[in-house]
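Overview (structure and organization)
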Amino acid sequence: MTPRLIATDLDGTLLRSDGSVSARSVAALRAVAEAGIETVLVTARPPRWLDELAHVVGARGVAICGNGAFRYDVAERRVFGERTIAREVVSEIVRDLRDQVPGTGFAAERHNGLAAESMFAAIHDHPEDLVTTSEIELLEDAAVGKLLARNPHLTDEEFIEVATDVVGDRAIVAFSGAGGLAEISAVGVTKAAALAEWSGELGIIADEVWAFGDMPNDLPMLTWAGRSFAVANAHDEVLAAATDHAPANDEDGVAQVLERLLG
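**Considering the packing of helix α2 (residues 23-34) against helix α9 (residues 253-262)**
At a closest axis distance of 9 Å, the pairing of α2 and α9 adopts a crossing angle of 35 degrees. Handedness of the α2/α9 crossing: left-handed. Of α9, the residues touching α2 (which contributes R24, S25, A28, L29, A31 and V32) are A255, Q256, L258, E259 and L262.

Structure, rendered in structure tokens:
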């Protein structure tokens, strides 16, 4: 079946390992859009990290970001939808992780930017407008779309496992491969749920969607879509779950699939 919507993850999938996007990938996505097929970027990235990719999506660019917490109009640089974590749940999770996993630092992605504790072990440069606080749960100026937790004293796998246990059924813990970050979203907020909702508003069903990904946080989206592609550099779980495989991100695997689709 010819898809009506193409959904692709960014880091490790559409983007090359150095974070760049090739001219070939941009051309392929533009060609798909010109052929009348909807395109959407589905990423763990926060809205502010999408602005540099406006040229990728063109005037109709829509991104589902923060693992499904935010809808973002890339062209207009505007958040037009969000699903946030209840403030009391954020406070409980921060308290419990702080007590049970000493040394854990926290940050929060919000529609108006990032807030982080001064102790947060960041793996990326902070934006100039970073809000810092000693207690992330005391923030009152914006609701949290995605809570970030990181503990430099544990391996990535150890921390994700223990964070998942501590959080329990109060929220969803995802791992996108970003330096040991536990990415915590509200119950029911995943890439799949957000993509399904957006597709439904467009009158598109799962069987009409092709999705591309590489990491465990992509699995719900890949298993929901009618056809799923794991790039060759993907996590083993993703390679096992996808219906199809594509060349690696550094070989413009998404673009190669889309070129064959239009060819």
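Once the structure has been displayed, the description carries forward.
**Some points on the pairing of strand β9 (residues 146-150)**
The buried fraction of β9 is high, at 5 of 5 residues. Side chains K146, L148 and R150 of β9 all project onto a buried face; the interleaved residues L147 and A149 project onto the opposite face, where all are buried too. Two strands pair when backbone bridges link them, and strand β6 (residues 105-110) and β9 are joined in this way by 5 bridges, in the antiparallel orientation. Residue pairing for β9: A108 is matched across the bridge by L147. Bridge count between β9 and strand β11 (residues 182-185): 3 bridges; the pairing is antiparallel. Note on β11: the bridge partner recorded for A149 is A182.

**Let's talk about the pattern of salt bridges**
Taken as a whole and judged by the stated rule, the model has 18 salt bridges. Taking the shortest distance from any N to any O, the salt bridge between D218 and K191 comes out at 2.5 Å. With a gap of 27 residues between them, D218 in the loop between β12 (209-213) and α7 (219-224) and K191 in helix α6 (residues 191-201) connect regions that are remote in the sequence. Given a relative accessible area of 0%, D218 falls into the buried group. Look at K191 and you get buried, because its relative accessible area is 1%. Here the residues in one salt-bridge network are E92, R95, D96 and R170, joined through shared partners.

**Thoughts on unusual backbone geometry**
At N67, a residue that is not glycine, the phi angle is positive and equals roughly 60 degrees. You can see N67 is positioned in the loop between β3 (62-65) and β4 (70-73). The phi dihedral of D252 falls on the positive side, at around 55 degrees, and the residue is not glycine. Residue placement: D252 occurs in the loop between β14 (244-246) and α9. On the basis of relative accessibility, which here comes to 6%, the residue D252 falls in the buried class.

**Focus on α9**
Within α9, burial applies to G253, V254, A255, V257 and L258. Taken together, the buried residues of α9 touch β1 (5-8), α1 (10-14), α2, β12, β13 (227-231) and β14.

Thresholds, definitions, all that
- Residues numbered from 1 in each chain as written.
- Predicted model: local features only at pLDDT ≥ 70, side-chain atom pairs only at ≥ 80, totals over all residues.
- Heavy atoms only, no water.
- Axes fitted to C-alpha atoms, helices over the stretch in contact; angles between N-to-C directions.
- Helix = DSSP H or I, 4+ residues; strand = E, 2+ residues; numbered from the N terminus.
- Left-handed = near helix turned anticlockwise from the far one by under 90°.
- Contact = heavy atoms within 4.5 Å.
- Buried < 20%, exposed > 50% of the residue type's maximum accessible area, 1.4 Å probe, protein only.
- Pairing = 2+ DSSP bridges.
- Salt bridge = Lys/Arg side-chain N within 4 Å of Asp/Glu carboxyl O.

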